[in-house]
Amino acid sequence: MNFFKGTFWFLLGSSIGFLLSKCIELAPFRLEKELNLVSIADLIISVVIVFLFYIFFDKIKETKSNEKGLVSSRLEYLQDELKSNANSIRNERLKYSVLAARNKSFIVSINKLKEIIGLTSIKCPNDDIDKIIQSARALKDLQTNSPITNESSEDDEDLPIRIDDGIVSFSETRIQEIESQYETILTEVLKLRIVIIKA
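The residue numbering used here restarts from 1 in each chain and proceeds along that chain's sequence as written. Local features in this predicted model are restricted to residues of pLDDT 70 or higher, and side-chain atom pairs are both shown and tallied only at a pLDDT of 80 or more, whereas totals for entire chains, interfaces and linings draw on every residue. Where side-chain values are given, they derive from all heavy atoms of the structure, hydrogens and water being excluded.

What about the nonpolar core?
Rules: Among buried residues, the Ala, Val, Leu, Ile, Met, Phe, Trp, Tyr and Cys ones that are joined through side-chain atoms within 4.5 Å form a nonpolar core. Buried residues are those whose accessible area, probed at 1.4 Å on protein chains only, stays under 20% of the maximum for their type, while exposed residues exceed 50% and partly exposed ones sit between those limits. Starting at the N terminus, helices and strands are each numbered in turn, a helix being any DSSP run of H or I of at least four residues and a strand any DSSP run of E of at least two. Note on contacts: a residue pair is in contact if any heavy atoms of the two residues lie within 4.5 Å.
Ranked by internal contacts, the top residues of the largest apolar core, which has 33 residues, are I89, F106, F170, I185 and I196. Where this core is concerned, the elements lending two or more residues are α2 (37-87), α3 (96-119), α4 (126-144), β2 (161-164), β3 (167-170) and α5 (172-198). Here this core gets 8 residues from one element, more than from any other, and that element is α5. In contact with F170, not counting residues within four places along its chain, are I89, L99, L142, Q143, P160, I161, I175 and I178.

And the structure:
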């Protein structure tokens with residue numbers, strides 16, 4: 001079927017070309033029998049320059065695409081890590097030391113990502129990354145900075161954070177605040193990924 005379709009279009013194009021050549025008369029086209037070395041050199045240099053420009057711009061485009069892919073995949077990894085951490089907040093066996101280490105690790109990862117983006121050709125406003133860092137620090141404060149008790153008593157039932165034998169537990173209000181902060185950070189990371197992809 002494709003053969004007939006191709007043949008049809010070839011015949012139609014040839015017919016239109018033949019009819020146009022009969023309707024419009026052009027000056028005769030002649031080829032010189034002598035070769036002009038200057039023209040040939042000019043043609044070769046032009047082709048080489050176009051080819052080099054193509055290679056140069058293609059390499060730049062490929063490099064930028066690779067950089068975007070690497071940064072975007074790193075941001076995707078951080079998103080997955082954030083989701084995992086957010087899901088573990090309601091865990092009744094969460095160790096305080098693990099929680100503090102996760103917060104520190106996330107802030108360090110974002111700072112390293114900021115350095116990596118600075119080394120690439122990606123144009124990304126530092127404000128977007130700084131917002132994520134500020135939100136991560138606010139999350140750390142929600143999870144670690146509050147009046148903490150290590151002894152059980154009936155008076156500290158309303159405290160936002162309690163630690164018993166190294167296991168941290170949060171009040172329901174604090175859990176909601178923490179989950180809200182995780183959502184804020186996830187949204188900011190997603191916005192940054194979109195900025196990186198569009199850059």
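Picking up after the structure, the text goes on.
Some thoughts on empty space enclosed by the protein
Our working rule: For cavity detection a 1 Å grid was placed over the protein atoms alone, and a set of points counts as a cavity when a 1.4 Å probe fits there but cannot get out; an open set counts as a pocket when protein lies on both sides within 12 Å along at least five of seven lines, with lining residues being those that have an atom within 4 Å of a point. Grid points are joined across faces, edges and corners, and a volume is the space filled by probe spheres set on the points. Three classes are used, and their members are as follows: Ala, Val, Leu, Ile, Met, Phe, Trp, Tyr, Cys and Pro are nonpolar, Asp, Glu, Lys and Arg are charged, and the others, Gly among them, are polar.
Tallied over the entire structure, the rule returns 1 cavity of 30 Å³ or more. Its boundaries defined by the atoms lining it, the largest cavity holds a volume of some 60 Å³. Around the largest cavity sit L82, N85, R102, N103, F106, I107, A136, L139, K140 and Y182, which together line it. Elements that contribute at least two residues to the lining of the largest cavity include exactly α2, α3 and α4. Classifying every residue of the lining of the largest cavity by side-chain character gives 6 nonpolar, 2 polar and 2 charged.

Details of a nonpolar patch on the surface
Selection criterion: A patch consists of residues whose relative accessible area exceeds 30% and which take part in no salt bridge; residues with like charges are grouped when within 9 Å of each other, and nonpolar side chains (Val, Leu, Ile, Met, Phe, Trp, Tyr) when within 5 Å. Reported accessibility uses the Shrake-Rupley method at a 1.4 Å probe radius. Residues are deemed covered only where the shown protein chains occlude them. Here, a salt bridge means any Lys or Arg side-chain nitrogen found within 4 Å of an Asp or Glu carboxyl oxygen.
Judged by side-chain polarity, L37, I40, I44, V48, F51, L52, Y54 and I55 come together as a nonpolar surface patch covering roughly 810 Å² of accessible area. Secondary-structure assignment places I55 in helix α2. Judged by its relative accessible area of 39%, I55 is partly exposed.

Focus: the packing of aromatic side chains
Rule in force here: Stacked, tilted and edge-to-face pairs are distinguished by plane angle, under 30 degrees for stacked and over 60 for edge-to-face with tilted covering the rest, among Phe, Tyr and Trp rings (Trp via its six-membered ring) whose centres lie within 6.5 Å.
Per the stated rule, a full pass over the model turns up 2 aromatic pairs. Note on F53 and F57: the rings are 6.0 Å apart at their centroids and 10° apart in plane angle, and the pair reads as stacked. On the criterion of helical spacing, the pair formed by F53 and F57 is a turn pair, its members being 4 residues apart in helix α2. The partly exposed category is assigned to F53, whose relative accessible area is 47%. Aromatic side chains F56 and F57 sit 5.3 Å apart centroid to centroid with 70° between the ring planes, which places their arrangement in the edge-to-face category. Given a relative accessible area of 48%, F56 falls into the partly exposed group. Here the aromatic cluster, defined as three or more aromatic residues joined through ring pairs, consists of F53, F56 and F57.

Digging into the side chain of E81
To be explicit about the condition: We treat Lys and Arg as the positive residues and Asp and Glu as the negative residues; His and chain ends play no part in the count.
For E81, the position within the fold is in helix α2. No salt bridge is formed by the buried E81; its nearest oppositely charged neighbour, R74, is found at 5.7 Å. When residues no more than four places from it in sequence are discounted, the contact partners of E81 are S105 and F106.

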